[in-house]
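# Topology and contacts: notes
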Amino acid sequence: MATAESTSGVQQSGPKVALALQGGGSHGAFTWGVLDRLLESTSQGTPFSVEAISGASAGGINATLCAAGLASGGVTQAREKLRTFWEAVSRAGERAGNALFGFSEPGPFGGWNIDWSPGAIFSEIVGLVASPYNNPFYRDPLGPVIRSSLTETDLSTLNAKNGSAQVFICATNVRTNERTLFTQPEISVDVLRASACLPSEFRTVNLHGVPYWDGGYLGNPPLAPLIAHAQDLILILVNPFRRHDMPPTNARGILNRLNEIGFNASVVLEINAIEAVNRVLDSVGEEAASQSRFKTVRFHLIRDDDFLAQFGFVSKSSTSWSLFKTLFDRGREVADVWLKKNYANLGQTSSLNVKAALLDPTLKQVSGSHTQ
């Protein structure tokens, strides 16, 4: 079990939680900021015990870095690994000449939204006739970046399950249209590459002869495996559920919203299923519920729909450090608000009204974000 560290270095536990980290390309830097603030809080009187973490794509990478850091060196190491990775992503993008790099700052193309930038339009045109398989100079861009912050020793410690949180990484089986969940002792750099394999940008990752694409298509993030490890689920989401400027009327806006809906679909289905069980347990009474093999799941949500909605779809492929830092800083701010409002609910009750926040468009959201 991963435990939090006090300022004196003595290990302390706290409420048991499971973290579910959504993928969203470069917008995963928002999740990095949230995690950084949550981890920091464990030495400031609000400790918690991370029993399990799940994720897909960037969420899966964040999950693995966090769990590996906690297992090998505690909170400080986890925070360092996350920062090292995101810094390495930005440096790699700059060296590779990321076509979106120069257009990734607030400017004449609509602030942070670079969907209409020349680099974005050019990349989309090329993508209509070319794939990663047409590129004779293609090389895996993600593996080296992951290895720069996640060593073989880190993976060995994580996979040995010697005090580490249970990690679940989602990938999509291209052959069968099924989701695959990887966990210890099989977490590897290639598993993370598979989970983050957007087929328009990366060549398919084969594991044991099976082709895999991005896990976000079928589990973004996966929730079901977490409920065996903790009753408190903290969801960190980066793809907006709610938008106030709907429906979109231009081509880029339509594609952006389709992407968001597609990558949010799986988590909505899983939340609905878990909530159905919660309602049954609530209806049978406390005594009968205590004898059931099912346990009530307490939901907690950290997100900022209005803030993330302004970035558009294309920025998810940008490696601008300025973009990463903006997302990171906002993630820390939102997590800080959430901690002050909702930490006391951990181990006691849900801080999220699921119907109001996600499923009923007539009601306001009640998460700990800035967009209430």
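Source: prediction; values computed, not measured. Numbering of residues starts from 1 in every chain and runs along the sequence as written. Since the coordinates come from a predicted model, pLDDT governs what is reported: local features require at least 70, and pairs of side-chain atoms require 80 or more to be given and counted, while whole-chain, interface and lining totals use all residues. The side-chain values count all of the structure's non-hydrogen atoms but skip hydrogen atoms and water molecules.

Our next topic: the overall build of the chain. Secondary structure elements are defined from DSSP: runs of H or I of at least 4 residues count as helices, runs of E of at least 2 residues count as strands, and each element is numbered from the N terminus. Scanning the chain from terminus to terminus reveals 11 helices and 10 strands. Relative accessibility decides the category of a residue: with a 1.4 Å probe and only protein chains considered, values under 20% of the type maximum give buried, values over 50% give exposed, and everything between is partly exposed. Buried residues in the chain amount to 54% of all 372 residues. Taking as baseline every contact in the chain between residues at least 6 positions apart, the subset at least 24 positions apart corresponds to 75%. We call two residues contacting when some pair of their heavy atoms lies within 4.5 Å.

Two side chains of opposite charge can pair, provided their charged atoms sit close to one another. One speaks of a salt bridge when a side-chain nitrogen belonging to Lys or Arg is within 4 Å of a carboxyl oxygen belonging to Asp or Glu. One pass over the structure, following the stated rule, counts 20 salt bridges. Glu40 serves as the salt-bridge partner of Arg332, at 2.9 Å between the closest nitrogen and oxygen. A residue pair is termed long-range when its members are at least 10 positions apart, and Arg332 in helix 10 (residues 321–342) and Glu40 in helix 1 (residues 28–41) qualify at 292 residues. The exposure class of Glu40 is buried, given its relative accessible area of 17%. One salt bridge connects Glu270 with Arg179, and the closest N-O pair in it is separated by 2.9 Å. Of the two residues, Glu270 sits in helix 7 (residues 251–284) while Arg179 sits in strand 6 (residues 178–182), which places them 91 residues apart along the sequence. A residue is classified by how much of its surface remains accessible, and Glu270, at 11% relative accessible area, is buried. Looking at Arg179, the relative accessible area reads 28%, which means it is partly exposed.

It is characteristic of soluble globular proteins that their nonpolar side chains tend to be buried jointly. By convention a nonpolar core is built from buried Ala, Val, Leu, Ile, Met, Phe, Trp, Tyr and Cys residues, the set being connected through side-chain atoms within 4.5 Å. Membership of the largest hydrophobic core comes to 68 residues, with the highest contact counts inside it found for Leu38 and Ile53. Each residue touching Leu38, except ones within four places of it in the same chain, is listed here: Phe48, Ile236, Ile302, Ala335, Trp338 and Leu339.

Moving on, we come to the environment of Val314. Looking at the element boundaries, Val314 is found in the loop between helix 9 (305–309) and helix 10. Separated by 200 residues in sequence, Val314 and Ile114 place their C-alpha atoms 6.3 Å apart.

Our focus in this paragraph is the packing of aromatic side chains. Here a Phe, Tyr or Trp ring, Trp counted by its six-membered ring, pairs with any other such ring whose centre lies within 6.5 Å, and the pair is stacked when the planes are under 30 degrees apart, edge-to-face when over 60, and tilted otherwise. Under the counting rule described, the total for this entry stands at nine aromatic pairs. Their ring planes at 80 degrees and their centres at 5.1 Å tell us that Trp86 and Phe324 sit as a pair that is edge-to-face. Pair noted here: Trp86 is in helix 2 (residues 58–96) and Phe324 is in helix 10, with a separation of 238 residues, a long-range link. Accessibility assignment for this pair places Trp86 and Phe324 in one class, buried. Plain terms: the ring middles of Trp321 and Phe324 are 6.4 Å apart, the flat faces sit at 80 degrees to each other, and that makes the pair edge-to-face. Of the two residues, Trp321 and Phe324 are both situated in helix 10; the distance of three residues between them amounts to about one turn of the helix. Given a relative accessible area of 28%, Trp321 falls into the partly exposed group. Pairwise contacts between aromatic rings join Trp32, Phe85, Trp86, Trp321, Phe324 and Phe328 into one cluster. Lying over the aromatic face of Phe328, Arg83 brings its terminal NZ or CZ to 5.3 Å of the ring centre. Lysine and arginine charges are scored as sitting over a ring when NZ or CZ, respectively, is within 6 Å of the ring centre and within 35 degrees of the ring normal.

The next thing to look at is the environment of Ala344. Checked against the element boundaries, Ala344 lands in the loop between helix 10 and helix 11 (354–359). Classification of Ala344 as exposed rests on a relative accessible area of 65%.

On their own, these measurements won't tell you what the molecule is for.
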